[in-house]
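Overview (structure and organization)
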Amino acid sequence: MASVSAKIILSSPAAAAATGGENNTSTTTRSSFLPVFRSGGATYPLLKLSHRRRVLQITNVLKTVEYPAAYPKVDPIRKIQKPTILVSEKLSEAGLEVLREFGEVECCYDLSPEDLCSKISLCDALIVRSGTKVTRAVFEAAKGRLKVVGRAGVGIDNVDLQAATEFGCLVVNAPTANTIAAAEHGIALLAAMARNVAQADASMKAGKWQRNKYVGVSLVGKTLAVMGFGKVGSEVARRAKGLGMHVIAHDPYAPADRARAIGVDLVSFDQAISTADFISLHMPLTPTTKKVFNDENFAKVKKGVRIINVARGGVIDEDALVRALDSGTVAQAALDVFTEEPPPKDSKLVQHENVTVTPHLGASTKEAQEGVAIEIAEAVVGALRGELSATAVNAPMVPPKVISELSPYVVLAEKLGRLAVQLVAGGSGIKSVKVVYKTARDPDDLDTRLLRAMITKGIIEPISDSFINLVNADFTAKQKGLRISEERISVDAAPENPVESIQVQISNVDSKFASAVSENEYISIEGKVKDGIPRLTCVGSFSVDVSLEGNLILCRQVDQPGMIGRVGNILGDRNVNVSFMSVGRTVKRTRAIMAIGVDEEPDKETLKKIGEVPAIEEFVFLKL
């Protein structure tokens with residue numbers, strides 16, 4: 001046999017009978033056509049079956065066709081294109097069923113990095129947990145076919161987001177399904193630690209009966225500080241209230257009314273850790289929170305405090321915690337997460353007699369595992385269908401034309417957001433942000449969604465585990481109780497520039513830097529793009545002109561000669577390189593704002609010396 005051909009055509013039953021099976025459409029209507037399948041000169045009618053059963057019928061016919069040895073055999077099901085979804089770690093059957101209804105699912109566990117790279121070019125989607133590293137090499141090996149990566153859980157530390165975005169691959173996670181399981185585990189550790197359950201259990205199994213040694217403490221009437229009042233933190237608070245505990249919380253974004261509704265007081269970080277009998281950690285791991293529980297902050301806690309962590313291991317300096325336990329500053333700790341997982345077998349923290357540990361079991365209930373599997377499966381299927389996902393954690397691809405025009409303004413918007421949030425004093429919570437665009441363009445010619453998303457990104461990301469992009473910016477802001485409004489002011493400026501300036505206003509909050517508060521009593525900063533470079537042009541009522549690069553020190557000072565030199569000398573003596581300085585003032589010889597750009601982050605001693613300069617009334621250090 002020289003060749004084999006197969007195709008599906010529409011055929012009229014009457015025409016087929018009259019012509020010996022050949023198609024004849026001249027005397028029939030479209031409604032009278034039935035699909036038939038032709039292969040090897042034979043015609044096979046396809047009955048009115050479901051799509052999948054027709055595919056199976058075609059498959060059975062093809063199995064009867066004799067292919068020549070040199071002719072490559074093709075899986076006929078693959079002729080009907082369905083996306084291929086690779087699952088590299090165990091997923092609940094309920095989630096797999098959702099995936100199988102939409103695509104071809106291949107479960108391959110314990111893949112080496114090399115094996116993953118070799119398989120990924122044949123896959124449209126990849127679902128992982130925390131054990132699979134989705135590196136740049138994986139996206140390169142996919143050769144553009146991989147459309148979505150789904151993380152069955154919250155953290156996405158194991159996925160290279162930058163590479164995913166560059167290769168046009170959407171990354172989604174499942175942030176809500178394990179909330180109750182994590183909260184319950186936190187309460188379980190709280191109670192077990194307070195009553196020495198793990199230690200007493202080990203003692204009895206060693207043949208001992210030590211009732212006097214394992215006297216615990218009661219929970220009723222004790223103060224619990226919930227550090228991070230998001231989904232899990234708020235659920236822990238509800239349950240702790242039911243145990244008769246007094247609950248306080250620290251979270252810069254938690255709406256006060258939501259906290260009050262369940263009887264929780266929002267307080268500053270220092271107040272929370274200094275007054276609590278128990279501290280339960282539910283904060284994300286960000287540059288701001290990394291090792292936030294260190295020697296310095298352990299020195300502020302109430303002596304004999306007890307600590308629970310079911311969030312992220314990296315928020316605790318583990319060596320500092322061991323020292324605090326040995327000194328009695330911290331009476332006990334109950335930990336489900338660690339900086340390194342699994343921790344070393346000889347870990348002093350794990351082996352400490354006053355520490356209760358579990359191997360990252362926060363989400364390990366049957367119900368949570370099934371919920372996570374369904375949530376990530378639905379997110380991946382939705383992404384493959386082209387639907388926008390509220391759980392997307394990386395930026396979607398933006399057309400090159402839009403990138404070219406908006407790129408400097410996108411950078412400006414994010415940096416203004418980052419500056420604004422750093423000016424907010426802790427404990428008050430951000431509820432209302434207003435963005436003012438000055439532009440010469442008509443409203444229809446300026447789509448501000450991307451700029452608004454980047455301002456939201458700048459405000460939320462520094463102290464949150466959320467990843468903000470155009471897809472999820474409004475959703476995340478609403479979820480966190482953050483209202484962002486916009487105003488456009490028409491100005492006489494060059495219409496070829498999309499925006500003349502962007503102003504960010506934060507209302508109803510206290511400021512770390514009083515000079516950033518405008519006459520209308522809101523934090524206000526403004527910036528613009530000059531020669532393609534984002535610049536800060538106004539802080540409160542003071543005009544400045546500084547490039548938004550590196551780090552920034554803002555000082556309010558008495559306007560007098562020699563101030564630039566005095567501060568510059570302090571920084572120079574500490575080997576901190578100054579990239580620029582700018583002074584803005586309202587009236588001569590009264591007060592001025594000095595903005596200093598520095599390449600390195602000054603240490604605390606250097607900042608203290610700047611604050612001790614008599615003419616400096618206040619200052620703040622800001623990371624850009």
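Up top is the structure.
Below: a short report on this structure. (Residues numbered from 1 in each chain as written. Predicted model: local features only at pLDDT ≥ 70, side-chain atom pairs only at ≥ 80, totals over all residues. Heavy atoms only, no water.)

**Structural notes on the overall build of the chain**
Scanning the chain from N- to C-terminus turns up 20 helices and 25 strands. In the chain, which comprises 624 residues, the share counted as buried stands at 48%. Residue pairs in contact within the chain that sit at least 24 positions apart in sequence constitute 65% of those at least 6 positions apart. If you sum the accessible surface of the chain, you get close to 30600 Å²; carbon and sulfur atoms cover 51% of it. (Helix = DSSP H or I, 4+ residues; strand = E, 2+ residues; numbered from the N terminus. Buried < 20%, exposed > 50% of the residue type's maximum accessible area, 1.4 Å probe, protein only. Contact = heavy atoms within 4.5 Å. Areas by Shrake-Rupley, 256 points an atom, 1.4 Å probe, with all protein chains shown as cover.)

**Some words on the pairing of strand 22 (residues 551-558)**
Of all 8 residues making up strand 22, 6 are buried, and the element is well covered by its neighbours. Alignment of strand 22 against strand 24 (residues 591-598), held across 8 bridges, turns out to be antiparallel. Across the sheet, the residue bridging to glutamine 557 is alanine 592, located in strand 24. In this structure, strand 22 lies alongside strand 25 (residues 616-623), joined through 7 bridges in antiparallel fashion. By the bridge assignment for strand 25, cysteine 555 is matched with phenylalanine 619. (Pairing = 2+ DSSP bridges.)

**Structural notes on the environment of alanine 256**
Summarising the element assignment, alanine 256 is placed in helix 10 (residues 256-261). Sequence separation between alanine 256 and leucine 266 is 10 residues; the distance between their C-alpha atoms is 6.7 Å. For alanine 256, the residues in contact, after removing those within four places along its chain, are Leu266 and Lys431.

**Let's talk about empty space enclosed by the protein**
Remark: the empty space left among the atoms is shown by a probe the size of a water molecule rolled over them. The final tally for this structure, using the stated rule, is 1 cavity of 30 Å³ or more. Empty space within the largest cavity amounts to approximately 30 Å³. As for the largest cavity, its lining consists of Phe139, Ala142, Gly144, Arg145, Leu146, Phe167 and Cys169. Residue classes in the lining of the largest cavity are distributed as 5 nonpolar, 1 polar and 1 charged. (1 Å grid on protein atoms, 1.4 Å probe; cavity = no way out; pocket = protein on both sides within 12 Å on 5 of 7 lines; lining within 4 Å. Points joined across faces, edges and corners; volume = space filled by probe spheres on them. Nonpolar A, V, L, I, M, F, W, Y, C, P; charged D, E, K, R; others polar.)

**Remarks on the environment of leucine 86**
With respect to the element layout, leucine 86 can be found in strand 4 (residues 84-87). The exposure class assigned to leucine 86 is buried, which follows from its relative accessible area of 0%. Apart from residues no more than four positions distant in its own chain, leucine 86 is found in contact with Glu106, Cys108, Leu111, Leu116, Lys119, Ile120, Cys123, Ala125, Leu126 and Ile127.

**What to know about the pattern of salt bridges**
Applying the stated criterion to the full structure yields 28 salt bridges. The shortest N-O distance in the salt bridge between arginine 239 and glutamate 235 comes to 2.7 Å. Here arginine 239 pairs with glutamate 235, and both are found in helix 9 (residues 231-242), just 4 residues apart, close to one helical turn. Using a relative accessible area of 27% as the deciding quantity, one classes arginine 239 as partly exposed. As a salt-bridge pair, arginine 418 and glutamate 461 come within 3.7 Å of each other at their nearest N and O atoms. You can see arginine 418 sitting in helix 16 (residues 400-422) and its partner glutamate 461 sitting in the loop between helix 17 (449-460) and helix 18 (473-479), a full 43 residues away along the chain. Beyond isolated ion pairs, a larger network of salt bridges with shared partners links Glu414, Arg418, Lys457 and Glu461. (Salt bridge = Lys/Arg side-chain N within 4 Å of Asp/Glu carboxyl O.)

**Focus: the environment of glycine 328**
Topologically, glycine 328 is positioned in the loop between helix 13 (318-327) and strand 14 (330-335). Given the relative accessible area of 27%, glycine 328 is considered partly exposed. C-alpha of glycine 328 to C-alpha of valine 305: the two residues are 23 residues apart in sequence and 8.9 Å apart in space.

**Digging into the sheet that holds strand 7 (residues 148-151)**
Judged by pairing direction, the sheet is parallel, and its 5 strands sit side by side in the order 5-4-6-7-8 without closing on themselves. With partners counted over all chains shown, the strands left at the sheet margins are strand 5 (104-107) and strand 8 (170-173), one partner each. In this sheet, adjacent strand axes meet at a mean angle of 20 degrees when their direction is disregarded. Each of strand 4, strand 5 and strand 6 (125-128) touches helix 3 (residues 93-100); the most contacted strand, strand 5, lies at about 140 degrees to it. Lying on the sheet, helix 15 (residues 366-384) is in contact with strand 4, strand 6, strand 7 and strand 8; it crosses strand 7 at an angle near 170 degrees. (Axes fitted to C-alpha atoms, helices over the stretch in contact; angles between N-to-C directions.)

**Looking at the packing of aromatic side chains**
Considering all chains together, one arrives at 3 aromatic pairs under this definition. Where phenylalanine 139 meets phenylalanine 167, the ring centres are 6.5 Å apart and the plane angle is 20 degrees; that geometry is what we call stacked. Within this pair, whereas phenylalanine 139 is found in helix 5 (residues 136-142), its partner phenylalanine 167 is found in the loop between helix 6 (161-166) and strand 8, the two being separated by 28 residues in sequence. On the accessibility criterion, phenylalanine 167 (32% relative accessible area) is partly exposed. Taking the centre distance of 5.8 Å and the plane angle of 50 degrees together, the rings of phenylalanine 269 and phenylalanine 293 count as tilted. (Phe/Tyr/Trp six-rings, centres within 6.5 Å; stacked < 30°, edge-to-face > 60°.)

**Concerning the nonpolar core**
Ile430, Ile459, Ile502, Leu536, Leu552 and Leu554 are the most contacted members of the largest nonpolar core, which totals 51 residues. Ranked by the residues each element gives to this core, the list is headed by helix 16, at 9 residues. Contact partners of leucine 536, with chain neighbours within four places excluded, come to Leu416, Leu419, Ile525, Glu526, Gly527, Val544, Asp545, Val546, Leu548 and Leu552. (Core = buried A, V, L, I, M, F, W, Y, C linked by side-chain atoms within 4.5 Å.)

**Some remarks on the sheet that holds strand 13 (residues 305-309)**
Taken in spatial order, the 7 strands line up as 11-10-9-12-13-14-15 in an open sheet, and their pairing is parallel. In this open sheet, the two strands that pair with only one neighbour each are strand 11 (265-266) and strand 15 (355-357). Bridging between strand 14 and strand 15 involves 3 bridges; their strand directions are parallel. Along strand 15, the bridge assignment pairs alanine 334 with threonine 356.

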